[in-house]
Amino acid sequence: MKLAGKVVLITGAGSGIGLATARRCEAEGAAVVGVDIAAGAASVQADVSDSVEVRSAIREVVEKHGRIDVLVNNAGVAVRKPVADQDEEGWDRVMRVNLGSVFLCSKYAIPHMGRGASIVNMASGVGITGIRNRAAYASSKGAIVTLTRNMALDYAARGIRVNCVCPGFTDTPLTSGLLADKEAAARLTALHPLGRLGRPEDIAAAVVFLASEEASWITGIALAVDGGFSAGHYADV
Ligand SMILES: NC(=O)c1ccc[n+]([C@@H]2O[C@H](COP(=O)([O-])OP(=O)(O)OC[C@H]3O[C@@H](n4cnc5c(N)ncnc54)[C@H](O)[C@@H]3O)[C@@H](O)[C@H]2O)c1
């Protein structure tokens, strides 16, 4: 078992990729605490974009388990708009939930993490390449890639590794609206050279790998788990 005895905190654990990651971590022997804003979706209910709620959630985990070995900053929201159509409140919300939560959860979890601990941030393939109509979302994910690298450098001496995963389009409740449109689903699938969309379990497997001892010499990377989405343009031209 890759995470035997580890205390793993996962944000956005009530659905999609976070839920699959929580299940996989448990199967690998971890004690998992899931945090989610949705009532009843995880063991701790909290809005991870809110400093007071983050501090209280982390206090609860530490009181129960004494430490945090793995933090998976997975919670996120998506907005589909170009800059001129993006309202300012929506921009702020995406930045606060997607990027601000990585800052807040890491800030308050790191004091409870020791040598060998690990942080895995959920970025996105669209944080590496551009995509139309995702100005706020893609910017927040690009910033997570950069924040990951900075945190990796800042905490390497303390033996804490920090990496991020950049999924391609994955079939979860976040994308279900888009995927319900068969033509849009076919267009999205065509962006992935391996010929299918991601499954939450594909992403969970990468998170577990990065969190485990098998990745003990890996820090500061953005691991694309995307069926080739970020490899380049796939059209036969
Ligand atoms: N599905 C994809 O195609 C895809 C691709 C790349 C990256 N991602 C990223 O993966 C992560 C998980 O996405 P998903 O597809 O599983 O989405 P999802 O909507 O199925 O799950 C997201 C979870 O986060 C929770 N959440 C949202 N805001 C929160 C907040 N403020 N505080 C606490 N919890 C909150 C939601 O309640 C939900 O349970 C996100 O960061 C997303 O941006 C998803």
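Residues numbered from 1 in each chain as written. Predicted model: local features only at pLDDT ≥ 70, side-chain atom pairs only at ≥ 80, totals over all residues. Heavy atoms only, no water.

Details of unusual backbone geometry
- Positive phi values are uncommon outside glycine, yet N133 reaches one of about 65 degrees.
- Here N133 shows up in the loop between β5 (118-122) and α4 (135-155).
- On the accessibility criterion, N133 (30% relative accessible area) is partly exposed. (Helix = DSSP H or I, 4+ residues; strand = E, 2+ residues; numbered from the N terminus. Buried < 20%, exposed > 50% of the residue type's maximum accessible area, 1.4 Å probe, protein only.)

Side note on the pattern of salt bridges
- Counted according to the given criterion, the structure contains five salt bridges.
- Its salt-bridge partner being D69, residue R67 comes within 3.0 Å of it at the nearest N-O pair.
- Of the residues examined, R67 reaches a relative accessible area of 34% and is grouped as partly exposed.
- A salt bridge links R196 to D202, with the nearest nitrogen and oxygen atoms 2.8 Å apart.
- Relative accessible area serves as the criterion here: at 24%, D202 is assigned to the partly exposed category. (Salt bridge = Lys/Arg side-chain N within 4 Å of Asp/Glu carboxyl O.)

Things to note about the sheet that holds strand β7 (residues 222-225)
- The strand order across the open sheet formed by seven strands is β3-β2-β1-β4-β5-β6-β7, and the pairing between neighbours is parallel. At either margin of the open sheet sits one strand with a lone partner, and together these are β3 (44-45) and β7.
- Two strands pair when backbone bridges link them, and strand β4 (residues 70-73) and β5 are joined in this way by four bridges, in the parallel orientation. Bridging from a neighbouring strand, V72 pairs with V120 of β5.
- Its contacts with the sheet place helix α7 (residues 200-211) against β4, β5, β6 (161-167) and β7, and it is angled at close to 165 degrees to β6. (Pairing = 2+ DSSP bridges. Contact = heavy atoms within 4.5 Å. Axes fitted to C-alpha atoms, helices over the stretch in contact; angles between N-to-C directions.)

In short, the description is geometric, and any link to function would need to be established separately.
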